[in-house]
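Chain by chain, the residues run as shown.
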Number of protein chains: 2
Amino acid sequence: MDDAAKADALCAAAVALREDADTILAANMRDCDAGIARGLSSAMIDRLRLDAGRLAAIAESVAAVAALPDPVGEEIDRRIAPAGMTLRRVRVPIGVIGIIYESRPNVTIDAAALCVRSGNAVILRGGSEAVHSNRALHTSFARGLASAGMEANAVQLVPTQDRDAVGAMLAASGGIDLIIPRGGKSLVARVQADARVPVLAHLDGICHSFVHAAADPDMARAIVVNAKLRRTGICGAMETLLIDRDYPDAAALLAALVDGGCEVRGDDMVLELEPRAVSASEEDWDTEYLDAIVSACFVDGMDGALAHIARHSSGHTEAIITADADVAARFQAEVDSAIVMVNASSQFADGGEFGLGAEIGIATGRLHARGPVALEGLTTYKWLVDGTGQVRGS
Amino acid sequence: MDDAAKADALCAAAVALREDADTILAANMRDCDAGIARGLSSAMIDRLRLDAGRLAAIAESVAAVAALPDPVGEEIDRRIAPAGMTLRRVRVPIGVIGIIYESRPNVTIDAAALCVRSGNAVILRGGSEAVHSNRALHTSFARGLASAGMEANAVQLVPTQDRDAVGAMLAASGGIDLIIPRGGKSLVARVQADARVPVLAHLDGICHSFVHAAADPDMARAIVVNAKLRRTGICGAMETLLIDRDYPDAAALLAALVDGGCEVRGDDMVLELEPRAVSASEEDWDTEYLDAIVSACFVDGMDGALAHIARHSSGHTEAIITADADVAARFQAEVDSAIVMVNASSQFADGGEFGLGAEIGIATGRLHARGPVALEGLTTYKWLVDGTGQVRGS
């Protein structure tokens, strides 16, 4: 299907989601009631819950994805071969994408919309706690696609909650081209360990912020507090604060975190400067808290920061705060993470904030796509060779 | 190391290979003698054998790789984030590349040079039949790198021929970032089946050429004969010939192949037109002969050709010969292979012929790199974010 046909199908799907709101919300209520009966935490129930506003936002996001430029067909390279043929590399869909996710029912639609926009088929496998919501959302979305002439089977929901179904997806080499897990660490770890199919994912977001000696104190405090506390549960949240021994304003920096409601787990020098801090254990340096907790230590300048990051980073996002452009350039050159920031909050590690439109996830692997994965990351390319009768010499 | 330092190290390695020619050729003689004693086929011995000319060509290819542009540091994307940060994507090395290969000792050097040029470390695991050659080549190459100040351990040769070493490489997730097998189908199949590390490879090259009704007969004969017979042992060699029922010159096309020394295995219509042809069995349509044998059948125009290719292609390279530009465009749009050619011999499916410089292999997978993989395919990217103190709003 061409650009316009895919966009039209997504717009029709957005309309269908609005039309089917009552059915979808009723199905979601069943899931929420069952979850409460099963004693799910209020946080789990909140992730599961849809209301008119959330559902409207989901439909809106589908319309927004419809409005994104189609990556398929984009020419990314053109050259003339030595023998005279014209060579072009053009983007094409990857093929069949498998999405394995947990409680948030919005993933059903967000992931499906991105896959459809980029010309891929998608097989969705949601969590059992959201089974009725996911079925209602999928039925409505597929109805919308079909109403605009798209093959509704382009978006499929695994009909069973049997856990063997996940194993079958992970083993479906040749049937599924790429698997993207969306959920907690245990889900991602299982997918990465068992998949016989390529996987795009991140296991941890142990993000470091390094406050360099030459950092502006006001900027440093503002960035560090935001990086840790704006939203503590996202993968781009700062988990470890590295402070240059020569940074003059460390006490105020640490105080700002504690004053903001953050537990600071620090080394001896941190404890000295901030009596409300507690002592960090070795494992704190490898812990993704996803909470109002931060590990903090002093390092010997850039070399100390690079050594700590090389040892403890999960390769997601690291940031430096410094007014020295040469120092910033060295940090960006030597830190081997998907995203390396200078003078900005690591909470910006997000496809939307990067201006990519919606993201399907963030990848910390080294192949294909790294960092926020959006429509481009859901495509591959093929080589088109246009000759005029060339044969190869011996 | 920067561009110049890597290029200098490779030039020094080329010099070392020339200086060490006697030692390397003596080691290779040991391998060849042992191979003959073990009864290796003359084809195997020929793949194994080095002489002064072949070794000089290997050293020359290292110098040629040194002269290729360094992909590392290339900016492939630049944008301004909604919050005002500057975003850049720049190419970086993948990390540690594992190369698992068979009898050709030149792979030791060709692969090492490409990995070094692109800033990667490489772990080489060659075949036992070439063990002395590979050790001598590796020792010389590493000496050359070290003489130019490169860490010689950037290029390592697995010291043992123990088959468990291959298993250890395939399981080295986190230690090896990418494995590239170079060799026969059984080697590639084992690597693809057992690897817990990403793999770039192609299992088969079942390449189709479709002679459309509107093909120029002279061009069709020249391309088809070249695609099959120029070199029958390469992955881009044509294995199946598809002829449009409405193509007027089919008899001469088939005769040209047989006259060229090719065995033609065809359907009934082929047998009718070319009495020297033999009858094809079902499995012929899924066979990579790598020999002077071709399967051939007639198809009902474009739809018949697309259906046959979709069912039997290995996704490597397909070609159409036609004078009709619209037909050619449809073929390129609908054939889902790494390389789709118009009016050219599939024997051009090669990184050098594509003007990419040397290639490390051809990939038929759908992620990261597809078709000929050269220096660019040995890199990934990271996101560099340059802010001025931005914090993310709630």
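Residues numbered from 1 in each chain as written. Chains lettered and ligands numbered in written order. Predicted model: local features only at pLDDT ≥ 70, side-chain atom pairs only at ≥ 80, totals over all residues. Heavy atoms only, no water.

Caption draft 1: Seen up close, the sheet that holds strand β1 (residues 75-80) of chain A. Strands sit in the order β1(A)-β2(A)-β16(A)-β13(B)-β12(B)-β7(B)-β8(B)-β11(B)-β9(B)-β10(B) across an open sheet of 10 strands; the sheet is mixed. Each having just a single partner strand, β1 of chain A together with β10 (278-279) of chain B make up the two edges of the open sheet. Examined bridge by bridge, strand β8 (residues 238-244) of chain B and strand β11 (residues 293-299) of chain B share 5 bridges and lie parallel to one another. Within the sheet, the bridge partner assigned to Thr240 of chain B lies in β11 of chain B and is Ser295 of chain B. Packed on one face of the sheet, helix α9 (residues 217-229) of chain B meets β16 (379-390) of chain A together with β7 (207-211), β8, β11, β12 (317-321) and β13 (339-344) of chain B and runs near 160° to β8 of chain B. (Pairing = 2+ DSSP bridges. Helix = DSSP H or I, 4+ residues; strand = E, 2+ residues; numbered from the N terminus. Contact = heavy atoms within 4.5 Å. Axes fitted to C-alpha atoms, helices over the stretch in contact; angles between N-to-C directions.)

Caption draft 2: How the structure looks around the environment of Ala112 of chain A. Here Ala112 of chain A lies in helix α5 (residues 106-117). Other than its neighbours up to four places away in sequence, Ala112 of chain A contacts Val107, Val122, Leu124, Phe141 and Val155 of chain A.

Caption draft 3: Representation of the sheet that holds strand β1 (residues 75-80) of chain B in the model. Judged by pairing direction, the sheet is mixed, and its 10 strands sit side by side in the order β10(A)-β9(A)-β11(A)-β8(A)-β7(A)-β12(A)-β13(A)-β16(B)-β2(B)-β1(B) without closing on themselves. Two strands close off the open sheet at either side, each with one partner strand: β10 (278-279) of chain A together with β1 of chain B. With 5 bridges connecting them, strand β7 (residues 207-211) of chain A and strand β8 (residues 238-244) of chain A associate as parallel partners. Looking across to β8 of chain A, one finds that Phe210 of chain A is bridged to Leu242 of chain A. Across the sheet, helix α12 (residues 301-312) of chain A is in contact with β7, β8, β11 (293-299) and β12 (317-321) of chain A; its angle to β7 of chain A comes to roughly 175°. In this fold helix α13 (residues 325-334) of chain A packs onto β7, β12 and β13 (339-344) of chain A together with β2 (86-93) and β16 (379-390) of chain B, with an angle of close to 150° to the strand it touches most, β16 of chain B.

Caption draft 4: Geometry of unusual backbone geometry. Residues and elements named next belong to chain A. Phi is positive for Asn343, close to 55°, though the residue is something other than glycine. For Asn343, the position within the fold is in strand β13. Even without being glycine, His368 reaches a positive phi, approximately 70°. Topologically, His368 is positioned in the loop between β14 (361-363) and β15 (371-373).

Caption draft 5: A look at the relation of the copies chain B and chain A. The operation relating chain B to chain A is a screw motion whose rotation component is 180°, with 0.0 Å of axial translation and a residual RMSD of 0.0 Å. Such values leave the two copies arranged in the relation of a two-fold axis. Minimal C-alpha separation from the rotation axis in chain B is found for His368 of chain B, amounting to 1.8 Å. Looking at chain B, 100% of its interface residues are interface residues in chain A too, so the copies touch through the same face. (Least-squares fit on C-alpha atoms with pLDDT ≥ 70 in both.)

Caption draft 6: Highlighting the interface of chain B and chain A. Each partner contributes residues to the interface: chain B has 70 residues there, and chain A has 70 residues. Where chain B meets chain A, there are 4 salt bridges. There are 53 residue pairs in polar contact (both at pLDDT 80 or more) connecting chain B and chain A. At the level of elements, β2, α8 (185-194), α9, α13 (325-334), β13, β15 (371-373) and β16 of chain B are the ones that each hand at least two residues to the side of chain B that touches chain A. Considering every element that reaches the side of chain B that touches chain A, the biggest residue donor is β16 of chain B, with 11 residues. Class assignment of the residues belonging to the side of chain B that touches chain A gives a composition of 35 nonpolar, 19 polar and 16 charged. As judged from the 5 bridges shared by β13 of chain A and β16 of chain B, these two strands associate in the parallel manner. Within the sheet, the bridge partner assigned to Val340 of chain A lies in β16 of chain B and is Leu384 of chain B. (Salt bridge = Lys/Arg side-chain N within 4 Å of Asp/Glu carboxyl O. Polar contact = N/O pair within 3.5 Å; in protein donor to acceptor, adjacent residues only side chain to side chain. Nonpolar A, V, L, I, M, F, W, Y, C, P; charged D, E, K, R; others polar.)

Caption draft 7: Examining the UniProt feature "domain: Aldehyde dehydrogenase" (unreviewed entry) in chain A more closely. Listed under "domain: Aldehyde dehydrogenase" (unreviewed entry) in the UniProt record, and renumbered for this structure, are residues 8-250 of chain A. Between the C-alpha atoms that bound residues 8-250 of chain A the distance is 55 Å, and the span itself is 46% helix and 19% strand. (UniProt positions renumbered as here; feature names shortened; annotations may be inferred.)

Caption draft 8: Examining the pattern of salt bridges more closely. Residues and elements named next belong to chain B. Under the counting rule described, the total for this entry stands at 58 salt bridges over all chains. Across the pair Asp204 and Lys185 runs a salt bridge whose closest N-O atoms are separated by 3.2 Å. With Asp204 in the loop between α8 and β7 and Lys185 in helix α8, this residue pair connects regions lying 19 residues apart in the sequence. Here Lys185 falls in the partly exposed class, since its relative accessible area comes to 45%. (Buried < 20%, exposed > 50% of the residue type's maximum accessible area, 1.4 Å probe, protein only.)

Caption draft 9: Structural context of the packing of α12 of chain A against α13 of chain A. Residues and elements named next belong to chain A. Running from N to C, α12 and α13 point in directions that differ by 20°, and their axes come no closer than 11 Å. Relative to α13, the element α12 lies roughly parallel. The crossing of α12 and α13 is right-handed. On α13, the residues that touch Met302, Asp303, Leu306 and Ile309 of α12 are Val327, Arg330, Phe331 and Glu334. When its residues are assigned to classes, the contact of α12 with α13 shows 5 nonpolar, no polar and 3 charged. (Parallel < 35°, antiparallel > 145°, perpendicular 65-115°, else oblique. Left-handed = near helix turned anticlockwise from the far one by under 90°.)

Caption draft 10: Expanded view of the confidence of the model for chain A. Of the residues in chain A, 100% have a pLDDT of 70 or more, and the chain-wide mean is 96. Across the whole predicted complex the pTM is 0.94, and at the interface the ipTM reaches 0.95. (pLDDT = per-residue confidence, 0-100.)

Caption draft 11: Just the side chain of Thr240 of chain B, in detail. Residues and elements named next belong to chain B. Relative to the assigned elements, Thr240 resides in strand β8. On the accessibility criterion, Thr240 (0% relative accessible area) is buried. Setting aside chain neighbours within four positions, we find Thr240 in contact with Ile206, Cys207, His208, Ser209, Trp285, Val294, Ser295 and His308.

Caption draft 12: Structural view of the packing of aromatic side chains. Per the counting criterion, the structure on display carries 6 aromatic pairs over all chains. Between the aromatic rings of Phe210 of chain B and Phe331 of chain B, the centroid separation amounts to 6.3 Å while the plane-to-plane angle is 25°, which identifies the pairing as stacked. With Phe210 of chain B in strand β7 and Phe331 of chain B in helix α13, the pair connects residues that are 121 residues apart, well separated along the chain. Owing to a relative accessible area of 0%, Phe210 of chain B belongs among the buried residues under this scheme. Members of the aromatic cluster, joined through ring pairs, are Phe354 of chain A together with Tyr381 and Trp383 of chain B. (Phe/Tyr/Trp six-rings, centres within 6.5 Å; stacked < 30°, edge-to-face > 60°.)

Caption draft 13: Looking closely at the side chain of His316 of chain B. All names here are of chain B. Positionally, His316 belongs in the loop between α12 (301-312) and β12. Assessed through its relative accessible area of 1%, His316 is described here as buried. Beyond its immediate chain neighbours, meaning those up to four positions away, His316 contacts His202, Asp204, Gly205, Cys207, Cys235, Gly236, Ser337, Ala338, Ile339, Ala349, Ile362 and Thr364.

Caption draft 14: Examining the domain arrangement of chain A more closely. Residue and element names in this part refer to chain A. Assigned domains within chain A: domain 1 (3-202 + 365-385) and domain 2 (207-348). On a C-alpha basis, the centres of domain 1 and domain 2 stand 34 Å from each other. Each partner contributes residues to the interface: domain 1 has 5 residues there, and domain 2 has 6 residues. Buried surface at the junction of domain 1 and domain 2, both sides included, amounts to about 430 Å², of which 54% is carbon and sulfur. Among the residues domain 1 hides against domain 2, the three largest losses belong to His202, Arg366 and Arg370. Together they make up 71% of the total. Our enumeration of links across domain 1 and domain 2 arrives at 2 salt bridges. (Domains from an automatic or database assignment. Buried area = accessible area lost by both parts, 1.4 Å probe.)

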